[in-house]
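Now for the letters of each chain:
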Protein chains: 2
Amino acid sequence: YKTLVRVQDLTPEKADQLIWLRARVHTSRAKGKQCFLVLRQQQFNVQALVAVGDRASKQMVKFAANITKESIVDVEALVRKVEQKIESCSQQDVELHIERIFVISQAEPRLPLQLEDAVRADGEGEEEGRATVNQDTRLDNRVIDLRTTTSQAIFRLQSGVCQLFRDTLTKKGFVEIQTPKIISAASEGGANVFTVSYFKTSAYLAQSPQLYKQMCICADFDKVFCVGPVFRAEDSNTHRHLTEFVGLDIEMAFNYHYHEVIDSITDTMVQIFKGLRDNFQTEIQTVNKQFPSEPFKFLEPTLRLEFTEAVAMLREAGVEMGDEDDLSTPNEKLLGRLVKEKYDTDFYVLDKYPLAVRPFYTMPDPSNPKYSNSYDMFMRGEEILSGAQRIHDAQLLTERALHHQIDLEKIKAYIDSFRYGAPPHGGGGIGLERVCMLYLGLHNVRQTSMFPRDPKRLTP
Amino acid sequence: YKTLVRVQDLTPEKADQLIWLRARVHTSRAKGKQCFLVLRQQQFNVQALVAVGDRASKQMVKFAANITKESIVDVEALVRKVEQKIESCSQQDVELHIERIFVISQAEPRLPLQLEDAVRADGEGEEEGRATVNQDTRLDNRVIDLRTTTSQAIFRLQSGVCQLFRDTLTKKGFVEIQTPKIISAASEGGANVFTVSYFKTSAYLAQSPQLYKQMCICADFDKVFCVGPVFRAEDSNTHRHLTEFVGLDIEMAFNYHYHEVIDSITDTMVQIFKGLRDNFQTEIQTVNKQFPSEPFKFLEPTLRLEFTEAVAMLREAGVEMGDEDDLSTPNEKLLGRLVKEKYDTDFYVLDKYPLAVRPFYTMPDPSNPKYSNSYDMFMRGEEILSGAQRIHDAQLLTERALHHQIDLEKIKAYIDSFRYGAPPHGGGGIGLERVCMLYLGLHNVRQTSMFPRDPKRLTP
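These numbers were taken from a predicted model, which means no experiment stands behind them. Throughout this description, residue numbers start from 1 for each chain and increase along the sequence as written. For naming, the first written chain is A and the first written ligand is 1, with later ones following in the order written. For this predicted model, a pLDDT threshold of at least 70 governs which residues receive local features, and a threshold of 80 or more governs which side-chain atom pairs are given and counted, while totals over whole chains, interfaces and linings are taken from all residues. Remark: hydrogens and water are excluded; side-chain values derive from all non-hydrogen atoms of the structure.

### Focus on the overall build of chain A
The cut-off we apply is this: Labels follow the DSSP assignment, with helices taken as runs of H or I lasting at least four residues and strands as runs of E lasting at least two, numbered in each case from the N terminus. Exposure categories follow from relative accessible area, calculated using a 1.4 Å probe and restricted to protein chains: below 20% of the type maximum is buried, above 50% is exposed, and the middle band is partly exposed. Whether two residues are in contact is decided by their heavy atoms: any pair within 4.5 Å suffices. Computed with a 1.4 Å probe, the accessible areas rest on the Shrake-Rupley method; for each residue, only the protein chains presented here act as cover. This count recognises Lys and Arg as positive and Asp and Glu as negative, with His and chain-terminal groups excluded. Charge placement uses NZ in Lys and CZ in Arg. For Asp and Glu, CG and CD serve respectively.
Each helix and strand counted, chain A has 13 helices and 17 strands in total. C-alpha atoms of chain A, sized along the principal axes, occupy 90 × 55 × 40 Å. Per-residue burial over chain A gives 60% buried out of 460 residues. In chain A, 67% of the contacts between residues at least 6 apart in sequence involve partners at least 24 apart. Here chain A displays about 19,000 Å² of accessible surface, and carbon together with sulfur accounts for 46% of that area. Charge centroids of chain A, computed over 57 positive and 64 negative side chains, lie 7 Å from each other.

### Describing the relation of the copies chain A and chain B
Worth spelling out the cut-off: Least-squares superposition of the copies uses the C-alpha atoms of those residues scoring a pLDDT of at least 70 in each of them.
When chain A is fitted onto chain B, the two copies agree to an RMSD of 0.0 Å after a turn of 180 degrees and an axial shift of 0.0 Å. Read as a symmetry element, the transformation amounts to a two-fold axis. Closest approach to the rotation axis within chain A is made by the C-alpha atom of Val196(A), at a distance of 2.2 Å. In this assembly the copies share their binding face: 100% of the residues contributing to the interface of chain A also contribute to that of chain B.

### A word on helix α11 (residues 394–403) of chain B
All names here are of chain B. For clarity, the threshold we go by: Note that the arc is computed from the directions linking the helix axis to the C-beta atoms. What qualifies as a polar contact is a pair of N or O atoms within 3.5 Å, subject to a donor-acceptor requirement within protein and to the restriction that residues adjacent in sequence count only when both atoms come from side chains.
Taken residue by residue, α11 has Ala 394, Leu 397, Thr 398, Arg 400 and Ala 401 as its buried positions. When α11 is viewed along its axis, its buried side chains cluster within an angular range of 170 degrees and face the same direction. Set apart from the buried face of α11 by more than 90 degrees, the exposed residues are Gln 395, Leu 402 and His 403. Elements that come into contact with the buried residues of α11 comprise α12 (412–416). The backbone nitrogen of Gln 395 has a side-chain oxygen 3.1 Å away, supplied by the residue at the start of α11, namely Asp 393.

### Some points on the domain arrangement of chain A
A common way to state how big an interface is: give the accessible area lost once the parts meet. Cut-off, in case you're wondering: A domain assignment, automatic or from a database, supplies the domain bounds used here.
Once the domains are mapped, chain A shows domain 1 (7–105), domain 2 (115–147) and domain 3 (150–448). For domain 1 of chain A and domain 3 of chain A, the distance between their C-alpha centres works out to 49 Å.

### Digging into the packing of aromatic side chains
Describing an aromatic ring pair means giving the distance of the ring centres and the angle of the ring planes. All names here are of chain A. Filter applied, for reference: A pair of aromatic rings is counted whenever rings of Phe, Tyr or Trp (Trp by its six-membered ring) have centres within 6.5 Å, and the orientation is called stacked for planes under 30 degrees apart, edge-to-face for over 60 and tilted otherwise. Here, a charge over a ring means that NZ of Lys or CZ of Arg falls within 6 Å of the ring centre while also lying within 35 degrees of the ring normal.
In this structure the tally under the stated criterion is 34 aromatic pairs over all chains. Their ring planes at 20 degrees and their centres at 5.3 Å tell us that Tyr 348 and Phe 378 sit as a pair that is stacked. Here Tyr 348 is found in strand β14 (residues 347–351), whereas its partner Phe 378 is found in strand β15 (residues 374–379), with 30 residues between them in sequence. Taken individually, Tyr 348 and Phe 378 each receive the classification buried, so the pair is uniform in this respect. Linked through ring pairs, Phe 273, Phe 296, Phe 298, Phe 347 and Tyr 439 together constitute an aromatic cluster. Above the ring of Tyr 353, the side-chain terminus of Arg 358 is found at 4.3 Å from the ring centroid.

### Observations concerning the pairing of strand β5 (residues 72–81) of chain A
As a general feature of sheets, a regular strand has side chains that alternate between the two faces. Residue and element names in this part refer to chain A. So the rule is basically this: When DSSP finds two or more bridges between a pair of strands, those strands are recorded as paired.
In terms of burial, β5 is largely enclosed, as eight of its ten residues are buried. In this structure, strand β2 (residues 18–31) lies alongside β5, joined through seven bridges in antiparallel fashion. Of the residues in β5, the one forming a bridge with Leu 21 is Val 75.

### Focus: the side chain of Asp346(A)
All names here are of chain A. With respect to the element layout, Asp 346 can be found in the loop between α10 (329–343) and β14. At 3.0 Å, the side chain of Asp 346 forms a polar contact with the side chain of Lys 340. In this structure Asp 346 touches Pro 295, Phe 296, Lys 297, Lys 340, Phe 378, Met 379 and Arg 380, once residues within four positions along its chain are discounted.

### Some thoughts on the packing of helix α9 (residues 307–316) of chain A against α10(A)
All names here are of chain A. The criterion, for reference: The axes used here are C-alpha line fits, helices contributing only the stretch in contact, and every angle between their N-to-C directions lies in the interval 0 to 180 degrees. If an angle is under 35 degrees, it is roughly parallel; if it is over 145, roughly antiparallel; if it lies from 65 to 115, roughly perpendicular; otherwise it is oblique. Each residue gets one of three labels, nonpolar for Ala, Val, Leu, Ile, Met, Phe, Trp, Tyr, Cys and Pro, charged for Asp, Glu, Lys and Arg, and polar for the others, Gly among them.
Packing of α9 against α10 leaves a shortest axis separation of 10 Å and a crossing angle of 90 degrees. Taken as axis vectors, α9 and α10 run roughly perpendicular relative to one another. From α9, Ala 310, Met 313 and Leu 314 reach across to α10, where they touch Asn 331, Leu 334, Leu 335, Leu 338, Val 339 and Lys 342. Within the contact of α9 with α10, the residues separate by chemical class into seven nonpolar, one polar and one charged.

So this is what it looks like as structure tokens:
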């Protein structure tokens, strides 16, 4: 077999070598006795030339000129250094002089969207009447949309977030667990849950791994994490809601104070931010070309504010709200701007939420029963994590479930988990797509979900 | 706050130090003016003593003796070197002389199962009339069953398998992807699929990430993997079937031959086997104590047999089967024994299955249309992976789907993915629970699923 060279390895050191390459035809332009091609592999591309002469016949130039865009070809070519840098390609110092070309897989001539349109920044080329591609067209033809440099960068960075999350926690002694997605009772109360037919009965799709990761704590795993799908049957058609997303979940026993949990989570987030900053600059800059945004800022240690402080800041900015009201989405965003102005950070923790707005298993604040040992974390003013100390006493848990009018029979296995000794513990759940969206300063979570699901979209 | 010491760190170097420790009461035995406790943290335990004297009052000994098993306690204690090794504990060289003891979380006095019964090997202690715990009792009370040294070891090893899988593939240049689990059309044909109510319509749970990982190849991700739940609505009540399990999935473009894919997968499996052998010996030996088995054997390079060779071996052993019949489960097991005898390996690949027994998207063997470029992989005679070269041409894929009487309208987005240039590619899906079960020589896949789901079990 022939050795195939990668486009990214086509540098001046390879000058005058005859090489084989497999790549897509990114663009093709015939011009008299020549055909100029741009050959692409993922985010890398190189200029190539078929010219009538010693190396190619007239027929071959014609054949090359007729190859449809996005087809996959094998070429044998001589690598040539160029005098003037080729600004439009990632490989700027060389071009290929093609001697042989074979079509491996032919694309249909009419593409449902053009890659150059799909990577155009908002407003760019508007005067020339250049098209941009709307989101539904992108998502309907996701296989092509994902080929753009922007999409390639987004999803390589997303893969990096998962890896950094796991590696950081593994180093901290966390164990990865796998929790069931088909469950017999809705984990967060009855609303917003998808029903599944399960043989002769019915079941639900887990709205979070909450109950299971807590059971693992009761089962002595001490510190656990999991990465997996989370399902929400919420009819929300917004820029930040999906009906299925990827949860990065953490749960851990702590010794004396639930702030040990907050510290573990914020440190994990900081390690992710640093890992992205240090190892994914190419990806970040690629996305920024199409979607400009300010670099993501964070502090060490992470800023932690209390809910009452946030309410005071919002009131000072003219917002009217009660002490125990939850934050509305616009108020969260406003608070994000106020925090950014005052503390110069895009990431912070809001601690001590009112008990009334949190789930039944949330530990009340022992010093003030109106509040709770719970927290959200925000990136660029939008929530990416919700977490808390959990109640680890079966009796108190029963009382709180009754207070929330939850059918005890349905959560019996869960409550029973706490009857045989359970350590104090807490955790949180992070939305992967939101983290990627907000880190990159994007404006729609569908951009960071490969095949997004929302109330109106189930395909592809 | 007091610094808490870990049980595993209680060694003779700590002798005569006064330490704080949080642990479970594993066993408790009062004897005159003394109370002997065994304190446990995960797989580690240590002997502790409360004795009437300078350090403890009579009341305190009584209090300690009344603490229920599995309660979590904080103790302040003096570490003492012992003359004679304490064989029954993991920390054999020291014991603790307790000065103070606090109950952090009290277990109910009646446990639904006893940990010492749950780790007893089959047949052990039978003469003394000691109980073992049946599987349903274990699973009904999974939170306690998971506390045993055996369970702790199994799930730490499982976490290791996932990590080794991802690390090996990441090093090979694979990208992690996240694929949707709620889908609009059954990925592997209509049978065995769970239906979900999805707002005003209905949807399905993905039987595999098959179609999506292939779409990622069409979208230029080149080499991808994913780890996630897989759902099968199969009414199979066997030792190796679950309705929800964790799939370790691989898909990759190849250059010239689908054996490049087989080589990537087998090398990944070998790296997993080596990583387990080198880094999880304690876990393997812990499981072996309760469930003895032969060490797992594998070859380098991995043995690859063709389907026709397997049929010949089986026929020689007296099995009657047609050339294009699939292997029955008993024949797979028999074949595993024959292969072990002949080649001394517990892991091998069976290549070139009959086309008729494989899914519609399987690439036929170009040299013999009765066979296909497809393969299964086996551990200790049971299938752990099914894979193949996939058809990457929309026209051939359409023909094969029609041949399998699949409704083309339902897989339109999938087939369309191949219309705009697609490289030759292949892959496979591995069942995580089966890999762990078979590596450890266990006999039921429920032992390697934390919260197993089968047609009869949806809880806890």
